[in-house]
Every structure is written in C-alpha cells, then in structure tokens.
Amino acid sequence: MSFLTAMQERYTTKKYDNSKKISSEKIAELKEILRLSPSSINSQPWKFTFVSDIETKKKFAEASFFNAPKIEDCDTLVVFSRIDNINAFEKQINDNLPEGAVGYYNNFLKEKPASEIKSWFSDQTYLALGVFLSACGVMEIDATPMEGIEPEKYNNLLGDKNYTALVGVCIGYRDEDDGNMPSKNPKSRLTLEEVIKNI
Ligand SMILES: Cc1cc2nc3c(=O)[nH]c(=O)nc-3n(C[C@H](O)[C@H](O)[C@H](O)COP(=O)(O)O)c2cc1C
C-alpha cells in the first residue's frame with residue numbers, strides 16, 4: 001500500500017470489534033517502529049507502555065472519560081509518556097549520546113525554564129505518535145489517538161515517577177458498524193491552498 005493510500009484510508013476508530021486480536025508479530029513490529037522513531041539530537045525522552053491485559057485496560061478506561069469504550073474493546077492500549085525528571089534525562093543523554101549532541105542540549109536547552117525543556121520532550125514524543133499512527137495505517141491496524149485521558153490517574157497506574165503520560169492510543173480492528181470510517185464519514189481537512197505555501 002502506498003503511503004498516500006494509507007493516509008487516505010486510516011481514520012480515528014470510534015468502535016472496535018473486541019473479538020479481533022492483533023498478531024504478536026505485528027505488535028513486536030510496532031514496538032520496533034516506535035524504538036526507531038526520530039527525535040531532536042536523538043534525545044528519545046519517551047516511554048511507550050503496551051497494555052493488553054483486559055483488567056488493566058479497564059482501569060485505564062476508567063481514567064479516560066468518553067474514550068472508555070474504545071479502550072475496553074480495542075486489542076491494546078499504548079500509552080505515550082514523556083520523561084518528567086530533567087536530571088534523569090540529562091543522565092540518559094550523557095550515558096548514550098555523542099559529545100556534540102550533549103553539547104547542543106547544554107548550549108541551547110539546559111538553561112531554559114523546566115516548563116520549556118519539558119515541552120521540548122513532549123514535542124519529541126508527539127513525533128513518535130505521528131510515526132506510530134502512520135505505521136498503523138500502512139499495516140492496516142486501526143487506531144485511536146486520545147488526549148482525552150486523565151494523565152495523573154494514568155501515571156498512578158503506570159507507576160514510574162520519572163515519566164508522565166501525554167496521550168493514549170487504542171489499536172485493534174474496527175467494528176463493521178463504526179460510523180467514523182472514511183467510507184461512511186469522509187475525511188474533512190483544510191484545502192491544499194490553505195495549508196501548503198509555495199514560494
Ligand atoms: C493528539 C491527538 C489527540 C486526539 N484525542 C482524541 C480523543 O481523545 N478521542 C477521540 O475520539 N479522538 C481523538 N483524536 C482524533 C482526532 O479528532 C482526529 O485525528 C481528527 O479529527 C482527524 O480525523 P481522522 O484521524 O479520522 O483522520 C485525537 C487526535 C490526535 C492527533
């Protein structure tokens with residue numbers, strides 16, 4: 001499938017068929033795709049948690065407002081978290097990145113307010129979200145990105161104080177009755193003229 005076709009056909013799934021499971025090979029492929037996501041200076045300030053246990057999924061569903069039924073019926077919930085402990089991040093890059101990359105961080109980011117540094121961590125994590133949603137499209141796996149979650153409750157369930165949840169993504173296979181698929185609800189976007197500028 002071409003990338004364009006995948007982007008035309010992927011959509012935010014609103015109703016899952018809870019009898020359909022994603023193969024363990026495809027889940028492993030998605031994990032590797034996330035690991036390979038690009039980030040500024042290769043900073044990788046993220047953690048991706050795969051939740052497939054039914055009872056645990058229910059607990060996340062209870063912390064997800066109107067998104068709860070999707071989490072209960074999908075195959076797996078993937079939680080995208082960004083690092084929240086700047087000291088831990090600095091240790092990670094000192095341990096793993098070349099001098100030039102650490103130098104970039106020290107010169108351009110380190111002295112900024114913590115909120116700006118953390119916002120930069122979030123930017124990187126959202127890039128991985130884009131990679132992930134695109135990969136799901138190409139792999140014909142249905143997905144639902146969700147900011148409609150309660151991060152503090154998610155963090156309690158995740159139990160890692162160094163990270164904070166940003167967004168959850170349901171993955172699985174659509175219910176045939178899902179009214180949001182493009183054949184029933186055509187994609188709505190701004191026009192090319194509105195979003196692309198040629199100089
Ligand atoms: C970061 C992000 C957060 C989103 N949060 C939710 C959400 O909480 N619940 C939901 O049903 N859809 C959510 N969406 C889906 C968007 O509404 C959807 O991507 C947009 O309307 C375009 O439609 P499409 O994905 O079907 O092409 C989210 C999308 C993104 C990228």
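All figures in this text were calculated on a predicted structure; none of them were measured in a lab.

K.L.:
What exactly am I supposed to notice about the overall build of the protein here?
P.N.:
In terms of helices and strands, the protein carries nine helices and four strands. Ordered by position from the N terminus, the helices and strands of the protein form the series α-α-β-α-α-β-α-α-α-β-α-β-α. For the protein, whose C-alpha radius of gyration is 18 Å, the value lies close to the compact-globule estimate of 16 Å for 199 residues. The contacts of the protein with a sequence gap of at least 6 include a subset with a gap of at least 24, amounting to 79%. Total accessible area computed for the protein in this model is approximately 11300 Å², and 51% of it derives from carbon and sulfur atoms. Between the centroid of the 25 positive side chains of the protein and the centroid of its 30 negative side chains there is a distance of 1 Å.

K.L.:
For this particular structure, what's the right way to read helix α2 (residues 24-35)?
P.N.:
Residue pairs three or four apart in sequence face the same way in an α-helix, which turns once every 3.6 residues. Taking 1.5 Å of rise per residue, twelve residues should cover 16 Å, and α2 covers 17 Å from first to last C-alpha, within 8% of that figure. Of the surrounding secondary structure, the elements contacted by the buried residues of α2 are β1 (46-51), β2 (76-83), α7 (114-138) and β4 (163-172).

K.L.:
Would you explain helix α3 (residues 54-61) in this entry?
P.N.:
Here α3 has its buried residues at Lys57, Phe60 and Ala61. One face of α3 carries all of its buried residues, which in axial projection span an arc of 105 degrees. Looking at the buried positions of α3, the neighbouring elements they touch are β1, α4 (68-73), β2 and α8 (151-158).

K.L.:
Honestly, unusual backbone geometry in this entry has me stumped. Any pointers?
P.N.:
Most peptide bonds take the trans form, and the phi angle of most residues other than glycine is negative. Of note, the phi angle at phenylalanine 65 is positive, near 45 degrees, even though the residue is not glycine. Relative to the elements of secondary structure, phenylalanine 65 occurs in the loop between α3 and α4. For glutamate 140, which is not a glycine, the phi torsion comes out positive at approximately 60 degrees. Along the polypeptide, glutamate 140 turns up in the loop between α7 and β3 (142-146).

K.L.:
Can you help me understand the site of the ligand in this one?
P.N.:
Not every one of the 14 residues close to the ligand is listed here, only the nearest: Arg10, Thr12, Lys14, Lys187 and Arg189. Here an oxygen atom of the ligand and a side-chain polar atom of arginine 10 are 2.7 Å apart. Take asparagine 67: an N or O atom from its side chain is 3.0 Å from an oxygen atom of the ligand. Across the complex, the protein chains shield 68% of the 620 Å² of accessible surface that the ligand would expose by itself.

K.L.:
Is there a simple way to explain the packing of aromatic side chains in this structure?
P.N.:
The relation between two aromatic rings is expressed through the spacing of the ring centres and the mutual angle of the planes. Overall, the coordinates contain ten aromatic pairs when judged by the stated rule. Relative to phenylalanine 48, the ring of tryptophan 46 has its centre 5.5 Å away and its plane inclined at 40 degrees; by these criteria the two rings are tilted. As far as burial versus exposure is concerned, tryptophan 46 and phenylalanine 48 are alike and both buried. Their ring planes at 70 degrees and their centres at 5.1 Å tell us that phenylalanine 48 and phenylalanine 80 sit as a pair that is edge-to-face. With phenylalanine 48 in strand β1 and phenylalanine 80 in strand β2, this pair connects stretches of sequence that are 32 residues apart.

K.L.:
Help me understand the pattern of salt bridges, please; the structure alone is not making it clear to me.
P.N.:
Pairing is possible between side chains that carry opposite charge, provided their charged atoms lie close to one another. In this structure the tally under the stated criterion is ten salt bridges. The partner of aspartate 95 in a salt bridge is lysine 91, with the nearest N and O atoms 2.6 Å apart. Of this pair, aspartate 95 and lysine 91 both sit in helix α5 (residues 86-96), four residues apart, which is roughly one turn of that helix. The closest approach of N and O atoms between arginine 174 and aspartate 142, which form a salt bridge, is 2.9 Å. Of this pair, arginine 174 sits in the loop between β4 and α9 (192-195) while aspartate 142 sits in strand β3, placing them 32 residues apart in sequence.

K.L.:
Teacher, can you tell me more about a nonpolar patch on the surface here?
P.N.:
The grouping of Leu190, Leu192, Val195 and Ile196 at the surface amounts to a nonpolar patch, some 420 Å² of accessible area in total. Mapped onto the secondary structure, isoleucine 196 falls in the segment after α9. Look at isoleucine 196 and you get partly exposed, because its relative accessible area is 46%.

K.L.:
Explain the pairing of β3 here, please?
P.N.:
On any regular strand, side chains alternate: one points to one face of the sheet, the next to the other face. With respect to burial, β3 is a largely interior element, four of its five residues being buried. Here β3 runs beside β4; their pairing, made up of five bridges, is antiparallel. Considered in β4, the bridge of proline 145 is made with valine 169.

About the cut-offs
- Residues numbered from 1 in each chain as written.
- Predicted model: local features only at pLDDT ≥ 70, side-chain atom pairs only at ≥ 80, totals over all residues.
- Heavy atoms only, no water.
- Helix = DSSP H or I, 4+ residues; strand = E, 2+ residues; numbered from the N terminus.
- Rg over C-alpha atoms; globule rule 2.2 N^0.38 Å.
- Contact = heavy atoms within 4.5 Å.
- Areas by Shrake-Rupley, 256 points an atom, 1.4 Å probe, with all protein chains shown as cover.
- Lys, Arg positive; Asp, Glu negative; His and termini not counted.
- Charge placed at Lys NZ, Arg CZ, Asp CG, Glu CD.
- Expected span 1.5 Å × (residues − 1).
- Buried < 20%, exposed > 50% of the residue type's maximum accessible area, 1.4 Å probe, protein only.
- Arc of directions from axis to C-beta.
- Near = heavy atom within 4 Å.
- Polar contact = N/O pair within 3.5 Å; in protein donor to acceptor, adjacent residues only side chain to side chain.
- Phe/Tyr/Trp six-rings, centres within 6.5 Å; stacked < 30°, edge-to-face > 60°.
- Salt bridge = Lys/Arg side-chain N within 4 Å of Asp/Glu carboxyl O.
- Patch = residues over 30% accessible without salt bridge, like charges linked within 9 Å, V, L, I, M, F, W, Y side chains within 5 Å.
- Pairing = 2+ DSSP bridges.

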